[in-house]
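Fold and contact review
Okay, here's what each chain looks like letter by letter:
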Amino acid sequence: MFRTSLLRNLRAPLISSSVTRKPLVQNVVALSQPLFVRNYSGFPPLTRELAKERILELLEGYDKVDASKEITEESSYVQDLGLDSLDVVEVVMELEHEFNIQIPDNEADSLKTVGQTIDYVLSQEDSV
Amino acid sequence: MATSRQVLSLYKQLLEKAYKFDNYNFREYAKRKIHDSFKEHKGLSGQEQINSLYNSGIDSLAQLQRQTSISQMYTFEKLVVEPLDKHHH
């Protein structure tokens, strides 16, 4: 997106500057000024609280989770939340989509509680 | 010999493929079908039965692979029931 807007800005003066070359130079200078910088990727870094909030939200939205129980970091998927192994696979898939990561099967097996999941998500460098 | 881990892995692979359908109806059907079929045979304990179902699951995975590829060759309008910001593709 940035590249196309950059190209467009570079291109526009070229068409009009067939008579005088000066506007092109001015525009390049304008591009290098900090005024032109936009932070498209300026979202907050993934903190533990943020990750926890998103995971809890995801679990609360999952209709098989026992709604009467409060979900804490110590909650176990199978024992406390009443999920079976198939449901856990689905939760893991939702997590993969939510944080844009890949969780290999052997590591997914070791995720038994909500707290372990938060730690795992945070340990992945490319979580967003 | 299909272990429970292999079965779970097959379940995940099937669902991941099912998400790839562009058409809402195909996608939801596939998800529901996979989900229900696995739930139906959840308590199965006979090794022979498990193996034969596992093998038919592998065949279904190959079928899904083909069908999702074909589905992606066409474009479908989103239905009103579909959220626009859905991030499964």
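Residues numbered from 1 in each chain as written. Chains lettered and ligands numbered in written order. Predicted model: local features only at pLDDT ≥ 70, side-chain atom pairs only at ≥ 80, totals over all residues. Heavy atoms only, no water.

Focus: the overall build of chain A
The test is simple: Where helices and strands are cited, they refer to DSSP runs of H or I of at least four residues and of E of at least two residues respectively, numbered from the N terminus. Exposure classes here rest on a 1.4 Å probe applied to the protein chains alone. A residue is buried below 20% of its type maximum, exposed above 50%, and partly exposed in between. For this analysis, residues touch if any pair of their heavy atoms sits within 4.5 Å. In these tables, accessible area is a Shrake-Rupley quantity obtained with a 1.4 Å probe, and a residue counts as shielded only by the protein chains included in the view.
When you go through chain A residue by residue, the secondary structure sums to six helices and zero strands. Tracing chain A from N to C terminus, the helices and strands come up as α-α-α-α-α-α. Across the 128 residues that make up chain A, the buried fraction comes to 31%. Long-range pairs, those at least 24 residues apart, make up 53% of the contacts in chain A between residues at least 6 apart in sequence. Of the roughly 8,600 Å² that chain A leaves accessible, carbon and sulfur atoms contribute 54%.

Some points on the packing of aromatic side chains
In this description, a pair of aromatic rings is defined by centroid distance and the angle of the planes. Residue and element names in this part refer to chain B. Worth spelling out the cut-off: For Phe, Tyr and Trp, where Trp contributes only its six-membered ring, two rings pair if their centres lie within 6.5 Å, and the inter-plane angle classes them as stacked under 30 degrees, edge-to-face over 60, or tilted in between.
Considering all chains together, one arrives at two aromatic pairs over all chains under this definition. When the ring of Tyr11 is compared with that of Phe38, the centres are 4.7 Å apart and the planes differ by 50 degrees; the resulting orientation is tilted. Residue Tyr11 is located in helix α1 (residues 4-18), and its partner Phe38 is located in helix α2 (residues 24-40); the two are separated by 27 residues in the primary sequence. In this structure, Tyr11 and Phe38 share a single accessibility class: buried.

A look at the UniProt feature "domain: Complex 1 LYR protein" (unreviewed entry) in chain B
Where we set the bar: UniProt positions are given in the numbering used here, feature names are shortened, and annotations may be inferred rather than shown by experiment.
Mapped onto the present numbering, the UniProt feature "domain: Complex 1 LYR protein" (unreviewed entry) falls at residues 5-62 of chain B. Helix makes up 81% of residues 5-62 of chain B and strand 0%, whereas the separation of the span's terminal C-alpha atoms amounts to 19 Å.

Some remarks on unusual backbone geometry
Unusually for a residue other than glycine, Asn100 of chain A sits at a positive phi of about 60 degrees. Relative to the elements of secondary structure, Asn100 of chain A occurs in the loop between α4 (85-99) and α5 (105-109).

Points about the interface of chain A and chain B
Heads up, the condition is: As a working definition, buried area equals the accessible area (1.4 Å probe) given up by two parts on being put together, with both sides summed. We define a salt bridge as a contact between a side-chain nitrogen of Lys or Arg and a carboxyl oxygen of Asp or Glu at a distance within 4 Å. Any N or O atom pair separated by 3.5 Å or less is treated as a polar contact, with the protein-specific requirement of one donor-capable and one acceptor-capable atom, and with residues adjacent in sequence counted only for side-chain atom pairs.
Counting residues at the interface gives 16 residues for chain A and 14 residues for chain B. Interface area, chain A with chain B, both sides summed: about 1,400 Å², of which 59% is carbon and sulfur. Note that Lys12 of chain B and Glu96 of chain A form a salt bridge whose closest N and O atoms lie 3.0 Å from each other. Across the contact surface, chain A and chain B share eleven residue pairs in polar contact (both at pLDDT 80 or more). Taken together, the elements giving at least two residues each to the side of chain A that touches chain B come down to α4 and α5 of chain A.

Section: the packing of α4 of chain A against α1 of chain B
What counts here: The convention used is that axes are lines fitted to C-alpha atoms, helices contributing only their stretch in contact, and that angles between N-to-C directions extend from 0 to 180 degrees. Angles below 35 degrees are treated as roughly parallel, those above 145 as roughly antiparallel, those between 65 and 115 as roughly perpendicular, and all remaining angles as oblique. Helix crossings fall into two classes, left-handed where the near helix is turned counterclockwise from the far one by less than a right angle and right-handed where it is turned clockwise.
Where α4 of chain A contacts α1 of chain B, the axes come no closer than 10 Å and their chain directions differ by 45 degrees. Regarding the angle of α4 of chain A to α1 of chain B, the classification is oblique. For the pair α4 of chain A and α1 of chain B, the sense of crossing is right-handed. Residue-level contacts link Ser85, Leu86, Val89, Glu90, Val92, Met93 and Glu96 of chain A of α4 of chain A to Leu8, Tyr11, Lys12, Leu15 and Glu16 of chain B of α1 of chain B.

With respect to the side chain of His35 of chain B
If you trace the backbone, His35 of chain B turns up in helix α2. Overall, the relative accessible area of 16% leaves His35 of chain B in the buried class. Beyond its immediate stretch of four places on either side in the chain, His35 of chain B contacts Lys64 and Glu90 of chain A together with Tyr11 of chain B.

So, the nonpolar core
For clarity, the threshold we go by: Here the nonpolar core consists of buried residues drawn from Ala, Val, Leu, Ile, Met, Phe, Trp, Tyr and Cys, with membership extended through side-chain atoms lying within 4.5 Å.
Counting 24 residues, the largest nonpolar core has Ile55, Leu59, Tyr77, Leu83, Ile103 and Val114 of chain A as the members making the most contacts within it. Sequence-distant contacts of Ile103 of chain A, defined by excluding residues within four places in its chain, comprise Val92, Leu95, Glu96, Ala108, Leu111 and Tyr120 of chain A together with Lys12 of chain B. Ranked by size, the runner-up nonpolar core spans 19 residues in total, among them Leu86 and Met93 of chain A together with Tyr19 and Leu61 of chain B.

Comments concerning the pattern of salt bridges
Applying the stated rule across the entire model yields 15 salt bridges over all chains. Of the charged contacts, one joins Asp119 of chain A and Arg48 of chain A as a salt bridge, the two residues approaching to 2.4 Å between their closest N and O atoms. Here Asp119 of chain A, found in helix α6 (residues 114-123), pairs with Arg48 of chain A, found in helix α3 (residues 48-60); they are 71 residues apart in sequence, far enough to count as distant. For Asp109 of chain A, the salt bridge is made with Arg5 of chain B, and the minimal N-O distance between the two is 3.2 Å. Of this pair, Asp109 of chain A sits in helix α5 while Arg5 of chain B sits in helix α1, which puts the two residues in different chains. Residue Asp109 of chain A is classed as partly exposed on the basis of its relative accessible area of 34%. Arg5 of chain B gets classed as partly exposed once you look at its relative accessible area, which sits at 44%. Within the structure, one salt-bridge network assembled from shared partners comprises Lys64, Asp84, Asp87 and Glu90 of chain A together with Lys39 and Lys42 of chain B.

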